[in-house]
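Observations on the three-dimensional arrangement
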Protein chains: 2
Amino acid sequence: MSDTAAQRAPTACVLVIGNEILSGRTQDVNLNYIAKGLAERGVRLMEARVIPDNADIIVATVNGVRAKYDYVFTTGGIGPTHDDITAECIARAFSVPLVLNEEIHRMMLKRYPPGGLNEARLRMAYTPQGASLVPNPIQGPPGFRIGNVIVMAGVPRIMQGMFDAIRHELNGGPPILSRTVNCPLAEGVVAKGLGEIQARYPELDIGSYPTFGRGAPETNLVLRGTNTARLADAVGEVVELVRSLGGKPTEL
Amino acid sequence: MSDTAAQRAPTACVLVIGNEILSGRTQDVNLNYIAKGLAERGVRLMEARVIPDNADIIVATVNGVRAKYDYVFTTGGIGPTHDDITAECIARAFSVPLVLNEEIHRMMLKRYPPGGLNEARLRMAYTPQGASLVPNPIQGPPGFRIGNVIVMAGVPRIMQGMFDAIRHELNGGPPILSRTVNCPLAEGVVAKGLGEIQARYPELDIGSYPTFGRGAPETNLVLRGTNTARLADAVGEVVELVRSLGGKPTEL
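In what follows, the accompanying structure is described. (Residues numbered from 1 in each chain as written. Chains lettered and ligands numbered in written order. Predicted model: local features only at pLDDT ≥ 70, side-chain atom pairs only at ≥ 80, totals over all residues. Heavy atoms only, no water.)

Of the residues lining the interface, 59 residues belong to chain B; the matching set on chain A comes to 59 residues. Across the chain B to chain A interface the summed buried area is about 4600 Å²; carbon plus sulfur atoms make up 55%. A per-residue breakdown of the area chain B buries against chain A is headed by B:Arg25, B:His82 and B:Phe212, which together make up 13% of the total. In this structure, the connection of chain B to chain A is made through 0 salt bridges. Across the chain B-chain A interface, the total number found is 20 residue pairs in polar contact (both at pLDDT 80 or more). Elements with a minimum of two residues in the side of chain B that touches chain A: helix H2 (19-22), helix H3 (30-40), strand S2 (44-51), helix H7 (119-122), helix H8 (156-166), helix H9 (187-200), strand S10 (205-211) and strand S11 (218-225) of chain B. It is H9(B) that contributes the most residues to the side of chain B that touches chain A, 8 residues altogether. In the side of chain B that touches chain A, the residues fall into 25 nonpolar, 18 polar and 16 charged. Here 3 bridges tie strand S2 (residues 44-51) of chain A to S2(B), and the two strands are oriented antiparallel to one another. Residue pairing in the sheet places A:Ala48 in a bridge with B:Val50 of S2(B). (Contact = heavy atoms within 4.5 Å. Buried area = accessible area lost by both parts, 1.4 Å probe. Salt bridge = Lys/Arg side-chain N within 4 Å of Asp/Glu carboxyl O. Polar contact = N/O pair within 3.5 Å; in protein donor to acceptor, adjacent residues only side chain to side chain. Helix = DSSP H or I, 4+ residues; strand = E, 2+ residues; numbered from the N terminus. Nonpolar A, V, L, I, M, F, W, Y, C, P; charged D, E, K, R; others polar. Pairing = 2+ DSSP bridges.)

All names here are of chain A. Under the criterion given, the structure shown has 6 aromatic pairs over all chains. Between tyrosine 71 and phenylalanine 73, the aromatic rings sit 6.0 Å apart at their centres with planes inclined by 35°, giving tilted as the arrangement. One aromatic cluster is present, built from ring pairs that chain together Tyr33, Tyr71, Phe73 and Phe163. Lying over the aromatic face of phenylalanine 94, arginine 66 brings its terminal NZ or CZ to 3.8 Å of the ring centre. (Phe/Tyr/Trp six-rings, centres within 6.5 Å; stacked < 30°, edge-to-face > 60°. Lys NZ or Arg CZ within 6 Å of the ring centre and 35° of its normal.)

To continue, consider the packing of H9(B) against helix H10 (residues 228-244) of chain B. Residues and elements named next belong to chain B. Between H9 and H10, the shortest axis-to-axis distance is 10 Å and the interhelical angle comes to 160°. Our classification of the angle between H9 and H10 gives roughly antiparallel. When you trace H9 past H10, the crossing you get is right-handed. Contact residues: H9 offers Val190, Gly193, Leu194, Ile197 and Arg200, while H10 offers Arg230, Ala234, Glu237, Val238 and Leu241. For the contact of H9 with H10, the class distribution of residues is 6 nonpolar, 1 polar and 3 charged. (Axes fitted to C-alpha atoms, helices over the stretch in contact; angles between N-to-C directions. Parallel < 35°, antiparallel > 145°, perpendicular 65-115°, else oblique. Left-handed = near helix turned anticlockwise from the far one by under 90°.)

In this section: the relation of the copies chain B and chain A. Superposing chain B onto chain A takes a rotation of 180° combined with a translation of 0.0 Å along the rotation axis, leaving an RMSD of 0.0 Å. This pairing of chains is accounted for by a two-fold axis. Taking C-alpha positions as the reference, the residue of chain B nearest the rotation axis is B:Arg49, at 2.2 Å. With an isologous cut-off of 70% or more, the 100% of interface residues of chain B that recur at the interface of chain A puts this contact in the isologous class. (Least-squares fit on C-alpha atoms with pLDDT ≥ 70 in both.)

All names here are of chain A. Relative orientation of the contacting elements helix H4 (residues 55-66) and helix H5 (residues 86-93) amounts to 50°, with a least axis distance of 9 Å. Accordingly, the angle class assigned to the pair H4 and H5 is oblique. In this structure, H4 meets H5 at a crossing whose hand is right-handed. Only Cys89, Ile90, Arg92 and Ala93 of H5 make contact with H4, whose side of the interface consists of Ala55, Asp56, Ile58, Val59, Val62, Asn63 and Arg66.

Residues and elements named next belong to chain A. The residue arginine 123 is located in the loop between helix H7 (119-122) and strand S5 (126-128) in this model. Classification of arginine 123 as partly exposed rests on a relative accessible area of 31%. Spatially, the C-alpha atom of arginine 123 lies 57 Å from that of valine 239, the residues being 116 residues apart in sequence. Discounting chain neighbours no more than four positions away, the residues touching arginine 123 are Pro80, Thr81, His82, Asp84 and Glu88. (Buried < 20%, exposed > 50% of the residue type's maximum accessible area, 1.4 Å probe, protein only.)

So, about the side chain of A:Ser208. One can find A:Ser208 in strand S10 (residues 205-211). Polar side-chain contacts of A:Ser208 include one of 2.8 Å to the side chain of A:Glu187. Setting aside chain neighbours within four positions, we find A:Ser208 in contact with A:Glu187, A:Leu194, A:Thr219, A:Asn220, A:Leu221, B:Thr81 and B:Asp83.

This is the structure:
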């Protein structure tokens, strides 16, 4: 990726919080969903980290990345159990108290039958002082936002609902467009010419991904950038390169 | 997770290197495979990071995490194209030159027909000075290991072959065992009792994961640790807790 493009677009980091990802119990799918959504909004995802349900690690990591990127998205750890410590950690990171959020409290009083709002569930009504809410259109209590940190659930369909509810509010740059040319050639065959094209289009991010789906080696050549015309020119050069090497290019 | 258990077991970090993960083009599945394998070997995966194909970022990240953990596993960026810069970055991180590896060179001379081993492919024969090879039983050149850093391919089936080829060499602790109790109760119902059980078994890592597969709320309660007897005792308490709350527990 070119440094100029990276500097222009707002940046983001995703923190996936949860022992279940690090233990291998759960395959994370939230990062991919957020990554696609950020690209559409013109926000450049620079980094993602998966960290355990450990308060000191969460606090230190949040403070490290929120100083570095325009947006930080966290997933996981906002439920009612002992391992759900994200809200208190974010409060610690921002050095503010964790306070009962009246709006969430009212929602929960409505949701649960008398006696159902036990102590554990009530924990989910606490947010860091000064946080605003991230709507949860699916099920359960909302997420929240404080400063540039957006805190969402870990369950994928709930996380997706929350992200979709706030994505339009993100201050992005122009959308990052992507075009993919498939060719029936091994990566090593196109590598040299592709590198030359990348050098001529430093503002684009050109990637090469081998695939073996149909038995013989194929390569997907992915071009990304914000300038439609330059992207089209580079795609034209890639198509020409593939043809000149005896392959039949197909745009996916 | 208890601090004592975390201190006893060797630790690891996974670095997923590749713009394609951060752009959302590709759903990473390598982390999950490595995570499961490390748990079996008794190596505790403490952190994972997804970082872009950017030399300065790769070098700084590798140097940060290799000082902190017993093992660092990287995936991605060892192919023949311009965006494959992992080997040169690892060399820079270790302050050693990148040198032609005679063993890989011989393999490649055998593999390609005369003239097929072009300049781009030859790049894959270079490894940091002092590196040993990580066999690639699937296709293409091997990965390598230098110090505590193990460098593997990004294509999942190749990465899996490499990881399987070296996993027996890892100096692990006792395997991290996992047992899961499913219950037809919402997380908020079991939360209090579960937290009390966690407090009585600080050496275990007890997690709670809501699921909505069959319409009504269910919760999977996952208990992890290295001591079979203590794990069995805790599972017994969890089963008893679920029954006492009117749910029918099922061990998965």
